[in-house]
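The residues making up each chain are set out below.
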Amino acid sequence: MGSTGEYESQRRVRVPPSKPFLKSLQARLKETFFPDDPFRQFKNQPISNKFLLGLQYFVPIIEWAPRYTFDFFKADLIAGITVASLAVPQGISYASLASIPPILGLYSSFVPPLLYAMLGSSRDLAVGTVAVASLLISSMLGKEVSPTENPKQYVQLVFTATFFAGVFQASLGILRLGFIVDFLSHATIVGFMGGAATIVCFQQLKGILGLVHFTHETDLVSVMRSVFSQIHQWRWESAVLGCCFLFFLLLTRYFSKRKAAFFWINAMAPLTTVILGSLLVYLTHAEKHGVQVIGHLKKGLNPPSASDLAFGSPHLMAAIKTGIVIGIIGLAEGIAVGRTFAMFKNYHIDGNKEMIAFGMMNIAGSCTSCYLTAGPFSRTAVNFNAGSRSAVSNIVMATAVMFTLLFLTPLFHYTPLVVLSSIIIAAMLGLLDYEAAIHLWKIDKFDFFICLGAYLGVVLGSVEIGLIISITVSLLRIILFVARPRTMVLGNIPNSGIYRSMDQYQIANSVPGILILQIDAPVFFANASYLRERISRWIYEEEDGLKSAGEASLHYVILDLSAVGSIDTSGISMLEELMKNVHRKGLQLVLANPQSEVMKKLDKSKLIDKIGQGWIFLTVGEAVSACNCMLHTCKSIHVAVDQNAEENKV
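Residues numbered from 1 in each chain as written. Predicted model: local features only at pLDDT ≥ 70, side-chain atom pairs only at ≥ 80, totals over all residues. Heavy atoms only, no water.

- Named according to an unreviewed UniProt entry, the protein chain is STAS domain-containing protein originating from Gossypium mustelinum.
- Per UniProt, the protein chain has the following entry under Subcellular location (unreviewed entry): "Membrane". (UniProt positions renumbered as here; feature names shortened; annotations may be inferred.)

See the structure below:
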């Protein structure tokens, strides 16, 4: 097609200077694992300061404690006591959901919050047991060891799974691999949490109806079969109590939502139901009439459990698998909740620090008779609304739980299990975020189907199946976006030098004789073949359209590479093959706005020489101007040749 001839741009696209491989690799690794540049605070600091800064980084309480004031403490004291009123009944309830002794739920609200207060970076996160992780523990480990037939062995597996969850979480933080958790998209979490909440609610029909025997399966069909196959064993006394307590809990939530100042009503409601239920059972001797109660709770603080970690158990692999799964779920929920409330107060939390904090508190928890803890939304919302100012609210909550363990556990002897079921159902209904699902449908249908897949996988299959489905579909979406990137035809916005997608801007006009295409992703082995075929199809369609319209034929194909951040050897080969195909058609390939990494690869592969430096431009506008100039020059030459031929004939 020739060179640009008379049209010479004053601004050439430069090839960036080459960097040594090791230096490039170091820069790439830094961007991957240290995007926040955590070492910048250590620059130009003496050794003593570096040591102190390092301590402050890994133990944040050392950094903010000197600035702590009495006003902060007053706010944290109120928030901590308020959260404790929710933590005590929730801890007992979620322990029963995990099929472990209720006292372990209280233990889990003592040691882990103390560690998080020292190591965590969130001012609002309230640490405690979570319902979804409790359900996962029961469903995954219950298949290996029966919690009723071998309770001691089952509890040992729970502690072991918690230990491996902590090791996994801390490892992600130390190795700065937190981006792995990002594969759990918002749509995935909404669907998964909603499905888990649905199953948890239906499983609590066991407590509401006073059933003794119940299925360990978590799918909806098995749960409902277990409920309706035991109709003759339903206890009407338990059902009436359960419905009354559930109505009370939902009513308090309704009032607290109507007026934010009444948040404490909702926060105190679970403890109130426990007190009322215990008094009712004690005064009426309802435990003798089919109403099941918690029974004896041992006084005292957490006993050590390091010797109970079952590293030599034949079920060790199941404990490791359970630990990794509940570790991921705990991180995903805790970090998402922490970031949400940090956004309200306009401060930043460090995801890697959070992972280390979660990991350390679960490792320590597994050695002190605790099972998995994270940052549940319900407690954190209460903590936030109660006006917490720092992580000291977790210390206050832990102190209140300690007081309960030392002096108040006998008072829970008559607490009916139906009350715990009501508390769990009320908490789980808050996780059924149908508004978020509707929002996903309006914004992104693909996200909605990811959410629906996760939900149905949990409800109709199992918690593990739902998690696998949601992660698989999310990864499939990433692969599709990477392997099938968008390409679009650009046109000129009238009376400007701006070129935009003709689908987005209906007023954009095509340029006669020129096809302008934009590639909207990096070009590498996964999409190189697709892009070659798609660009060839764009050329065929453009030529066919011009022929049918009787317009001027196509002469130039301009590729806008502004969105192509990188390219590999497969991408280079694709461009080379595309150039040959374009030349065979008598067309010229033109590149516009190639990025730094792309220019390096083009230069090293000698493709710049094959395309021609004169056919690589800074902007689409300059490329179009050059092509138009060449078109007009060629037309002038053809006209002159035709005139000379006519004169010679004459």
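Let's talk about the UniProt feature "domain: STAS" (unreviewed entry) in the protein chain
Working step 1: UniProt's feature table lists "domain: STAS" (unreviewed entry) at residues 504-627, given in the numbering used throughout.
Working step 2: As a span, residues 504-627 carries 48% helix and 15% strand, and end to end its C-alpha atoms are 24 Å apart. (Helix = DSSP H or I, 4+ residues; strand = E, 2+ residues; numbered from the N terminus.)

So, the pairing of strand β1 (residues 487-492)
Working step 1: Among the six residues that make up β1, six are buried, leaving the element largely enclosed by the rest of the structure.
Working step 2: Neither face of β1 is exposed, since Thr 487, Val 489 and Gly 491 on one face and Met 488, Leu 490 and Asn 492 on the opposite face are all buried.
Working step 3: The sheet contact formed by β1 and strand β3 (residues 514-519) spans three bridges and is antiparallel. Across the sheet, Thr 487 pairs through a bridge with Ile 519, a residue of β3.
Working step 4: As judged from the three bridges shared by β1 and strand β2 (residues 499-501), these two strands associate in the antiparallel manner. (Buried < 20%, exposed > 50% of the residue type's maximum accessible area, 1.4 Å probe, protein only. Pairing = 2+ DSSP bridges.)

What to know about the packing of aromatic side chains
Working step 1: All chains considered together, the criterion is met by 21 aromatic pairs.
Working step 2: Plain terms: the ring middles of Tyr 116 and Phe 358 are 5.9 Å apart, the flat faces sit at 65° to each other, and that makes the pair edge-to-face. Residue Tyr 116 is located in helix α6 (residues 111-119), and its partner Phe 358 is located in helix α15 (residues 351-366); the two are separated by 242 residues in the primary sequence.
Working step 3: The class of Phe 358 is buried, set by a relative accessible area of 0%.
Working step 4: Taking 5.1 Å as the distance between ring centres and 50° as the angle between the ring planes, the aromatic pair formed by Phe 341 and Phe 384 counts as tilted. Taken as a pair, Phe 341 in helix α14 (residues 316-345) and Phe 384 in helix α16 (residues 377-385) lie far apart in primary sequence, 43 residues in all.
Working step 5: When its relative accessible area of 5% is taken as the criterion, Phe 341 is described as buried.
Working step 6: Sitting above the plane of the Trp 441 ring, Lys 445 keeps its charged end 4.7 Å from the centroid. (Phe/Tyr/Trp six-rings, centres within 6.5 Å; stacked < 30°, edge-to-face > 60°. Lys NZ or Arg CZ within 6 Å of the ring centre and 35° of its normal.)

A short note on helix α4 (residues 70-97)
Working step 1: End to end, α4 covers 39 Å across 28 residues, agreeing with the expected 40 Å (1.5 Å per residue, within 8%).
Working step 2: Maximal helix bending in α4 amounts to about 25°, located at Ala 87; proline Pro 89 follows within four positions.
Working step 3: Immediately beyond the C-terminal end of α4, within one or two residues, lies Ser 99, with a positive phi of roughly 65°. (Expected span 1.5 Å × (residues − 1). Bend = angle between axes of the 7 residues up to and from the residue.)

What about the domain arrangement of the protein chain?
Working step 1: Along its sequence, the protein chain is carved into domain 1 (69-479) and domain 2 (484-649).
Working step 2: Here domain 1 and domain 2 have C-alpha centroids that lie 57 Å from each other. (Domains from an automatic or database assignment.)

Overview of the pattern of salt bridges
Working step 1: Counted according to the given criterion, the structure contains eleven salt bridges.
Working step 2: The partner of Asp 520 in a salt bridge is Arg 486, with the nearest N and O atoms 2.6 Å apart. Taken together, the positions of Asp 520 in the loop between β3 and α22 (528-549) and Arg 486 in the loop between α21 (463-483) and β1 put the pair 34 residues apart, joining distant regions of the chain.
Working step 3: According to the relative accessible area criterion, Asp 520 is partly exposed, its value standing at 29%.
Working step 4: Its salt-bridge partner being Arg 532, residue Glu 577 comes within 3.6 Å of it at the nearest N-O pair. In this pair, Glu 577 sits in helix α23 (residues 569-584) while Arg 532 sits in helix α22, placing the two residues 45 residues apart along the sequence.
Working step 5: With relative accessibility at 36%, the residue Glu 577 sits in the partly exposed group.
Working step 6: One network of salt bridges, with partners in common, ties together Asp 444, Asp 447 and Arg 477. (Salt bridge = Lys/Arg side-chain N within 4 Å of Asp/Glu carboxyl O.)

Digging into empty space enclosed by the protein
Working step 1: Tallied over the entire structure, the rule returns three cavities of 30 Å³ or more.
Working step 2: Estimates place the volume of the largest cavity at around 50 Å³.
Working step 3: Contributing to the lining of the largest cavity are Tyr 57, Phe 58, Leu 119, Lys 353, Ile 356 and Ala 357.
Working step 4: Element by element, the count of residues in the lining of the largest cavity is highest for α15, at three residues.
Working step 5: In terms of residue class, the lining of the largest cavity is built from five nonpolar, no polar and one charged. (1 Å grid on protein atoms, 1.4 Å probe; cavity = no way out; pocket = protein on both sides within 12 Å on 5 of 7 lines; lining within 4 Å. Points joined across faces, edges and corners; volume = space filled by probe spheres on them. Nonpolar A, V, L, I, M, F, W, Y, C, P; charged D, E, K, R; others polar.)

Quick look at the sheet that holds strand β5 (residues 588-592)
Working step 1: Read across the sheet, six strands follow the order β2-β1-β3-β4-β5-β6 without closing on themselves; strand pairing throughout is mixed. Looking at which strands have only one partner, the edges of the open sheet turn out to be β2 and β6 (616-617).
Working step 2: Bridging between β5 and β6 involves two bridges; their strand directions are parallel. Bridged to Leu 591 within β6 is Ile 616.
Working step 3: Against the sheet, α23 contacts β4 (556-560) and β5, and its axis sits at roughly 140° relative to β5. (Contact = heavy atoms within 4.5 Å. Axes fitted to C-alpha atoms, helices over the stretch in contact; angles between N-to-C directions.)

Topic: the nonpolar core
In globular proteins that are soluble, nonpolar side chains generally tend to be buried together.
Working step 1: If you look at the biggest cluster of nonpolar residues, it comprises 96 residues, and the most contacted ones within it are Ile 92, Ile 100, Leu 136, Ile 137, Phe 192 and Met 428.
Working step 2: Setting aside anything within four residues of it in sequence, one finds Leu 136 in contact with Leu 141, Phe 192, Val 325, Ile 326, Ile 329 and Val 463.
Working step 3: Within the second largest apolar cluster, 53 residues are counted, among which are Leu 515, Leu 531, Ile 535 and Leu 546. (Core = buried A, V, L, I, M, F, W, Y, C linked by side-chain atoms within 4.5 Å.)

Focus on a nonpolar patch on the surface
Working step 1: A contiguous nonpolar surface patch, about 480 Å² in accessible area, is contributed by Trp 441, Phe 449, Leu 452, Leu 456 and Leu 460.
Working step 2: Looking at which element gives the most residues to the nonpolar patch, the answer is helix α20 (residues 445-461), with four residues.
Working step 3: Tracing the chain through its elements places Leu 460 in helix α20. (Patch = residues over 30% accessible without salt bridge, like charges linked within 9 Å, V, L, I, M, F, W, Y side chains within 5 Å. Areas by Shrake-Rupley, 256 points an atom, 1.4 Å probe, with all protein chains shown as cover.)

Focus on the layout of surface pockets
Working step 1: Quantified by volume, the second largest pocket comes out at close to 950 Å³.
Working step 2: Along the walls of the second largest pocket sit 36 residues, with Ser 96, Leu 97, Ser 99, Lys 206 and Leu 417 positioned nearest its centre.
Working step 3: Contributing elements (two or more residues each) for the lining of the second largest pocket: α4, α7 (131-141), α8 (151-174), α10 (205-208) and α18 (417-429).
Working step 4: Top contributing element to the lining of the second largest pocket by residue count: α18, with five residues.
Working step 5: Residue composition of the lining of the second largest pocket, by class: 19 nonpolar, 16 polar and one charged.

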